[in-house]
Amino acid sequence: MRLRLGIALLAAAVLLAPASGRASELEATSSTSLYFQKQWRDGATYPTTPLYEFISVSGRGFAIPGGELQLVVDAWGGVDLSSPPWWNGYTNSGAWSGDLNLAFVKGSWLKGDLQVKLGRQSIGVGNARMLQLDGLSLSSRFLEYLSLDVWGGAPTVQRFIGWGSVYSSNPTLGNVAVGGRLGFAYRQWVSFGVSTTLAWDSGNFTREDVALDLKFSPVPWMYLLGYLDYSLFANEYYSGFGNQLPEASASLVFPVTPHLQFTAEYSYTVPALLLGYNSILWVFTDGSHQYLGGTARVGLEAFGLHVPLDIDLGYRWIASYSALGDPTTGALSKDSESGNRYFVRATWKPSARSTVGAEGSRLDLPEQGYWNARVFGSLRMYGFTGTLDGQGYWFDQPVNGNTQSIIGNATLGYDVGHGLSVVGAVSGGETPYYKSYFSGMVKLVYNQTYRFREVQP
Amino acid sequence: MNQRHLLLPLALLASGCMNHGKKPEAQQPAPYKFPHSTHIEAGLACTECHAPVLKSTSVKANAIDVQIPAKSEACAACHDPIPTYTPVQRFEPAVHFNHAWHLPMVGSDCTKCHVKFTESGDVVKPVPPMKTCTACHNHSQDFAVGRCTPCHIDLNKYPFKPVAEYTHEANFLETHGKWARQSVQTCTQCHDQTMCSTCHTATTRPLPPSVQFPEKVASEFIHRGDWISRHAIEQAADPASCLKCHGVQYCQSCHGFQAVLPGSNTGGRLPTGHPSFLEHKAQARNNITACAACHSSGAGAQLCISCHSVGGIGGNPHPPGWKGTQSQIGSNPTCRACHS
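Rules of the game
Residues numbered from 1 in each chain as written. Chains lettered and ligands numbered in written order. Predicted model: local features only at pLDDT ≥ 70, side-chain atom pairs only at ≥ 80, totals over all residues. Helix = DSSP H or I, 4+ residues; strand = E, 2+ residues; numbered from the N terminus. Buried ≥ 20, exposed ≤ 12 C-beta atoms within 10 Å, placed from the backbone. Contact = placed C-beta atoms within 7 Å. pLDDT = per-residue confidence, 0-100. Axes fitted to C-alpha atoms, helices over the stretch in contact; angles between N-to-C directions. Parallel < 35°, antiparallel > 145°, perpendicular 65-115°, else oblique. Left-handed = near helix turned anticlockwise from the far one by under 90°. Pairing = 2+ DSSP bridges. Core = buried A, V, L, I, M, F, W, Y, C linked by C-beta atoms within 7 Å.

All right, on to the overall build of chain A then. Helices and strands together make up the secondary structure of chain A, namely 2 helices and 23 strands. By residue count, 43% of the 457 residues in chain A fall in the buried class. Relative to all contacts within chain A whose residues are 6 or more apart in sequence, the contacts with residues 24 or more apart total 46%.

This is the structure we're talking about:
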């Protein structure tokens, strides 16, 4: 771990220092957060006080032969001032911990039509599902209408603790992953692509998927988005096309104006196929979920009214299907359940400095569900920014013996100037797991962009 | 993690800032003083003062494309004496542009593109609207694939938001992945991946965005508020959505390694909502990902295998439609967990 982190930082230093005079822009953000909250462990609560430093540095415009270079480092480090330490995403890692979210160099040539990225990065193209990867990716556009993305490396493992699925909380398990997408786009009307993601853990497949994606826009105010991810691995073990689709979806999006938009969506998932294919569990299941619904944003400004009020509405029908049967006896029964999710939100922006909103939702499942209500607001004046946020959940069935959760938050920030701001936050309430919940944060944020220019002779 | 390694990024940042921060450009340009409209109405040709643009093949930083003649008849026609004027230095170009090539195309009529000019007291310089470019250049193919850099120099600094495809309103949080999977390059025209990593680094990030940014009350954070109490409910509603960002080991870090379970303080009782023995078959068939939170590997998985191995009392767990064959056992180690 030390060696890898050291190499990454050394590479960053080498790239930043000698080429500094040629960089056109360096964007740096530093956020120091002291957080305190009581955390529940094995029947008791313990005070936790982690101190985190988040750093993000992005340098653009480094001149290289025929193109330009970008450097990105996004990292954090922390120390926990209490014991047991705050849970920060994996096992207790002691008082000190840290990780790299991103650390890559990107070269661009041919006016951006050829890009190569090396280092820790996220792969979002095709069916990669924003895979965090330590590796290399190449993105290119050619022959006017075609694009090719290829990538490969090792799925990121948190805190550099090791490789492989035994330790990794990366959704794409394994120690090697490769993939890519070949795409075609014609004007604004249509684009589609075929992509693949393959991952192995010690030589065994953890993902083996191919996918098709489509965007079709016959008119500027309507888009059809389609996606179908097919598991080649499941094809060898399950019959039935539906049992071999980790996910598929079709959406109609109507972006009429920023204040008048509608979507309709159908999606299908086989959750077990999002587990690693080397998991023993995915051979037990025969379940799929389907969703059908839509959303609408209706803003009064869309009708010529000078009232900055937007209303968002959403509905989703939820259905799950599973086969209950014994292949030995042949007895088979299909089990299906359905539920509904409703959502409404109103956002009013009386001025550029203030926002007031209210939202409510209802999740209705066969065995559980909840009602939710939330109000929030923010106001910025004289360099100060204050926010209030309160929300409650009322559960259909008790959670840990309680049927409601109510939390309120308040923050106060001050813009010191020169990119420096201070934020204080407190949160309190009552939840099923905390009779008296309280947390707080003090945050110092530094956000600055340094521009430099390479002066041409 | 070694303390020294944590200090390195800070030192690096400080070093970078100090080295580069000594000569930052002025962020706020000086106000413009020249009243363009008065001179245009007087019928003055633009090239009287902007002669350099006739030969300008690129827009350069630091350039001043103004040359006011010391003795100009055009100026002297109205001014006596001719006032002195120091042109405002252009801060940084936003687009690649060849004036010399374009001027003949518009009959040297600058107003074809420059529909608005700076006036005395203006701080911001109006730039030609994009429609003046697209009036001649077929832009739709570049637009479709997000190929902006042939003209735009850096959209991180000069973001654009056409109404349709690049609008981030309404339920963009829900749909943005569908747009992004087609061409991440389109997103990166405006956004660095550091913006994505605020949420999309679930493997490495120690705090969810809703905790790290409590002041962003209008943002649509998925895990906002008391997520712990309702995460099992949300998982039942859409189990696949969890697994797109979190591997099951993420669940086990609490439910397994740290024994954070409702009731775990009372002698290892099953968590609230755990199915009884008689119900576990239906649960496994319907939502095996909930089981995976504890039983995907190690001792948890052994609990399943102990009954469901070949010859075990649990019988054959494969669902209807299973078409795995004996010949596959040799090539798949997962099969050999139960099939010796």
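Moving on: the confidence of the model for chain A. Regions with low pLDDT carry predicted coordinates that are not meant to be interpreted in detail. Averaged over every residue, the pLDDT of chain A is 86; residues scoring 70 or more account for 89%. With pLDDT under 50 throughout, residues 12-23 of chain A is counted as low confidence; its partners more than four residues away or in other chains account for 21 contacts.

With that settled, consider the packing of helix α13 (residues 248-255) of chain B against helix α15 (residues 288-295) of chain B. Residues and elements named next belong to chain B. Packing of α13 against α15 leaves a shortest axis separation of 7 Å and a crossing angle of 55 degrees. With respect to each other, α13 and α15 are oriented oblique. Note that α13 runs across α15; the crossing there is right-handed. Contact residues: α13 offers V248, C251, Q252 and H255, while α15 offers A292, A293 and C294.

Residues and elements named next belong to chain A. The pairing of strand β7 (residues 131-142) with strand β8 (residues 146-155) spans 10 bridges and is classified as antiparallel. Bridge pairing links G135 to G153 in β8. What sits between the antiparallel neighbours β7 and β8 is a turn of 3 residues, in which L143 has the positive phi angle 50 degrees. Across 8 bridges, the pairing between β8 and strand β9 (residues 176-186) is antiparallel. For L148, the partnering residue across the bridge sits in β9 and is L182.

Here we come to unusual backbone geometry. Of note, the bond from D80 of chain B into P81 of chain B is cis; its omega dihedral lies within 30 degrees of zero at 0 degrees. For P81 of chain B, the position within the fold is in the loop between α3 (73-76) and α4 (99-102).

Residues and elements named next belong to chain B. Taken over all residues, the pLDDT of chain B has a mean of 76, while the share at 70 or more is 77%. Within chain B, the element-level pLDDT minimum falls on helix α1 (residues 3-21), averaging 40, and the maximum on helix α12 (residues 239-243), averaging 92. Low pLDDT (under 50) marks residues 1-27, which in the prediction has 40 contacts with non-local residues, meaning those over four places away or in another chain. Within the model, the stretch residues 263-270 combines pLDDT values under 50 with 8 contacts to residues more than four positions away or in other chains. The ipTM assigned to the predicted complex is 0.89, against a pTM of 0.81.

Before going further, it helps to examine the pairing of strand β20 (residues 384-399) of chain A. Residues and elements named next belong to chain A. Relative to β20, strand β19 (residues 369-381) runs antiparallel, the two being bridged by 12 bridges. Among the inter-strand pairings, Y370 is bridged to a residue of β20, identified as F395. Between the antiparallel neighbours β19 and β20 lie 2 residues, among them Y382 with a positive phi of about 50 degrees. The pairing of β20 with strand β21 (residues 402-417) spans 12 bridges and is classified as antiparallel. By the bridge assignment, D389 is partnered in β21 with N409. Joining the antiparallel neighbours β20 and β21 is a turn of 2 residues, in which N400 adopts a positive phi near 55 degrees.

It is worth spelling out the environment of A240 of chain B at this point. Topologically, A240 of chain B is positioned in helix α12. C-alpha separation for the pair A240 of chain B and T289 of chain B, spaced 49 residues apart in sequence, amounts to 8.2 Å.

Next up on the list: the nonpolar core. The biggest cluster of nonpolar side chains holds 38 residues, and the ones touching the most others in it are L275, L281 and W282 of chain A together with I288 and A292 of chain B. Top element by residues in this core is α15 of chain B. It accounts for 6 residues. The residues touching I288 of chain B, leaving out its near neighbours within four places in the chain, are A272, L281, W282, F284, T285 and G287 of chain A.

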